[in-house]
Amino acid sequence: MENRIKKILIFIILSTFFSCKNKQKNSTVDNDLTIKPNIVFIYMDDLGYGDVGYNGAKGIETPNIDKLASNGVTFTNGYATSATCTPSRYALLTGKYPWRNKKAKILPGTAPLLINTNQMTIPKMLQTKGYYTGIVGKWHLGLGNGNVNWNKTIKPNPNDVGFDYSYIMAATQDRVPTVYIENGDVVNLDSNDPIEINYDKNFDGQPTGKNNPELLKLKWHHGHNSSIINGIPRIGYMKGGESAKWVDEDMAGHFLQGAQNFIKKHKNQAFFLYYPMQQPHVPRTPHHQFVGKSGLGPRGDVLMEADWCVGQLIQTLEKEGVLNNTLIVFTSDNGPVLNDGYLDDAVEKIGNHDQNGGLRGGKYSLFEAGTRVPFFTYWKGKIQPKISDALVCQLDLFASIAKLIDSDEKATDSQQLLDVFMGKSNLGRKNLIIEATSRTAFRQGDWVMIPPYNKPRINTEVNIELGNDTIYQLYDIEKDKAQLHNLAFQNKEKLQEMIIAFEAIRGKDYKKGIRDIELK
């Protein structure tokens, strides 16, 4: 009898022990970051707050983007740092305000690498934790040292600032060189047909958009009248490299395939994929299967094509068995523009669609539509559907990912908001400095303050209000989303509070070259 009792007690003790071990093991699977999540950034180009279905788009269908957003945390106050591309991309990867780097402006295709190779970046930080990192898509952060020989391996390149693999275009689709670059080497380059690039002077005998309109399949409106590639006039001059030149209509699918191949190849290890898409930036060149699909012209068509690409990428993650362990961030480098240099019916066929989503301004502007952009996070099974009004910025991804992967790395301006991005908190930033072509403004709480800038109020080429005025501007954007009512002189106390808080971060350098306006 005594032996039987001993056996029963031993059985109970062992059962309890193994039960606890199993619970501990399961807990480790759920919470221990040694099982690293994959991270994917889907970064659109010139996508407006109102250009997606989940923000009320009319005439443009984005079902794949909407499905992700509806199952993630969508931010109604999600911002890029800047109303133009290069500065926002710099801030995204470095966690540093672009106005701190005077070279962080829209770059030509021949600009030197903007990010210092000694500077910490998100991909470099992830490498220290064992991630395989890659970029497939638009770069536009400079290459080389400013005197690039495109016929040899270009150094430095994205691989020197944290990417194990890079497959990019150097700048933008409307700028030369119009070639793909893989790990610093131009793809499909014929050594007997070397590439020459010049942004100041054309090469002898080379046709241009300005002088040879009969060769164009897409007419230019402003700025895009230099070398003609694939019937499209570009910014800058290019000679040679015929076998390496891209086909514009195939670009979206080409980058998609590259991103899919990256996922398939590295699905068995933790990976970071930066997938900066080129849509809906000009020139808008939808693949033939999307031509006319939106009814809004090429701009609407490439938006629908981009949505399809997003859907295909998600299908690949799911098929390869890694979707459940992948954090996805979707956003855009800046707000929208219709006519940005080509006559492609973007203005004429806009119909009832509001690319700004009720916001004022657009690309290049200090008004809200310049920097408030579509922004959501998605992680199947980890993030619950939620609409958040927390103030967040792409800057904050650096510190938040550092927290996610248990890294001690810090960035100058990035705030740790992991719980906000995961939908567990609504406590976002208290304030944010936004930038547009070297001009800065300030958001704090529900208020936006724009200092006086004695510069043109409207960019007449693109027909966008730039946010400039000779007086201070102050808006309560919770009550006045469209920024129609300037309260600067009605609420001087709030204005003074905003100026003091702004200058505590920004300093007073922003006043150089502008008229100092008295508050009275």
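Residues numbered from 1 in each chain as written. Predicted model: local features only at pLDDT ≥ 70, side-chain atom pairs only at ≥ 80, totals over all residues. Heavy atoms only, no water.

Caption draft 1: Looking closely at the overall build of the protein. Helix and strand content of the protein: 9 helices and 20 strands. Scaling as 2.2 N^0.38, a compact globule of 520 residues should have a C-alpha radius of gyration of about 24 Å, and the protein matches this with 25 Å. In terms of overall dimensions, the protein has C-alpha extents of about 105 × 70 × 45 Å along its principal axes. For the protein, the proportion of its 520 residues judged to be buried stands at 58%. Taking the contacts inside the protein whose residues are at least 6 apart along the sequence as the reference set, 72% of them involve residues at least 24 apart. Element-wise, carbon and sulfur atoms account for 48% of the exposed surface of the protein, whose accessible area totals about 22,200 Å². Across the protein, 61 positive and 56 negative side-chain charges occur, with their mean positions spaced 6 Å apart. (Helix = DSSP H or I, 4+ residues; strand = E, 2+ residues; numbered from the N terminus. Rg over C-alpha atoms; globule rule 2.2 N^0.38 Å. Buried < 20%, exposed > 50% of the residue type's maximum accessible area, 1.4 Å probe, protein only. Contact = heavy atoms within 4.5 Å. Areas by Shrake-Rupley, 256 points an atom, 1.4 Å probe, with all protein chains shown as cover. Lys, Arg positive; Asp, Glu negative; His and termini not counted. Charge placed at Lys NZ, Arg CZ, Asp CG, Glu CD.)

Caption draft 2: Representation of the pattern of salt bridges. Under the criterion given, the structure shown has 21 salt bridges. Here R299 ties to D51 by a salt bridge, and the two come within 2.6 Å at their closest N and O atoms. Here R299 is found in helix α6 (residues 298-319), whereas its partner D51 is found in the loop between β1 (38-44) and α2 (63-70), with 248 residues between them in sequence. For R299, a relative accessible area of 3% translates into the label buried. With a shortest N-O distance of 3.5 Å, E318 and K380 are connected by a salt bridge. Here E318 is found in helix α6, whereas its partner K380 is found in the loop between β13 (375-378) and β14 (386-393), with 62 residues between them in sequence. Residue K380 is classed as partly exposed on the basis of its relative accessible area, which comes to 35%. (Salt bridge = Lys/Arg side-chain N within 4 Å of Asp/Glu carboxyl O.)

Caption draft 3: Broad picture of α6. Its 22 residues give α6 an end-to-end C-alpha distance of 31 Å, which sits within 8% of 32 Å, the value for a rise of 1.5 Å per residue. Here α6 lies mainly inside the structure; 16 of its 22 residues are buried. Just past α6, the residue G321 takes up positive phi, approximately 75 degrees. (Expected span 1.5 Å × (residues − 1).)

Caption draft 4: Seen up close, the pairing of strand β4 (residues 165-169). Most of β4 sits inside the fold, with 5 of its 5 residues counted as buried. The alternating pattern of β4 places Y165, Y167 and M169 and S166 and I168 on opposite faces, both of which are buried. The sheet contact formed by strand β3 (residues 132-138) and β4 spans 5 bridges and is parallel. Looking across to β4, one finds that G137 is bridged to I168. Judged from the 3 bridges that link them, β4 and strand β5 (residues 180-182) form a sheet pairing that is antiparallel. (Pairing = 2+ DSSP bridges.)

Caption draft 5: Summary view of unusual backbone geometry. Cis geometry is adopted by the peptide bond preceding P280, which originates at Q279 and carries an omega value of -5 degrees. Following the sequence through the fold, P280 ends up in the loop between β11 (271-276) and α6. Look at the link from V282 to P283: it is a cis peptide, with omega at -10 degrees. As for its placement among the helices and strands, P283 is situated in the loop between β11 and α6. A positive phi angle is found at N188, which is not glycine, with a value near 65 degrees. Considering the arrangement of structural elements, one finds N188 in the loop between β6 (185-186) and β7 (196-198). A relative accessible area of 58% places N188 in the exposed class. Here N230, not a glycine, exhibits a phi torsion of approximately 60 degrees, which is positive.

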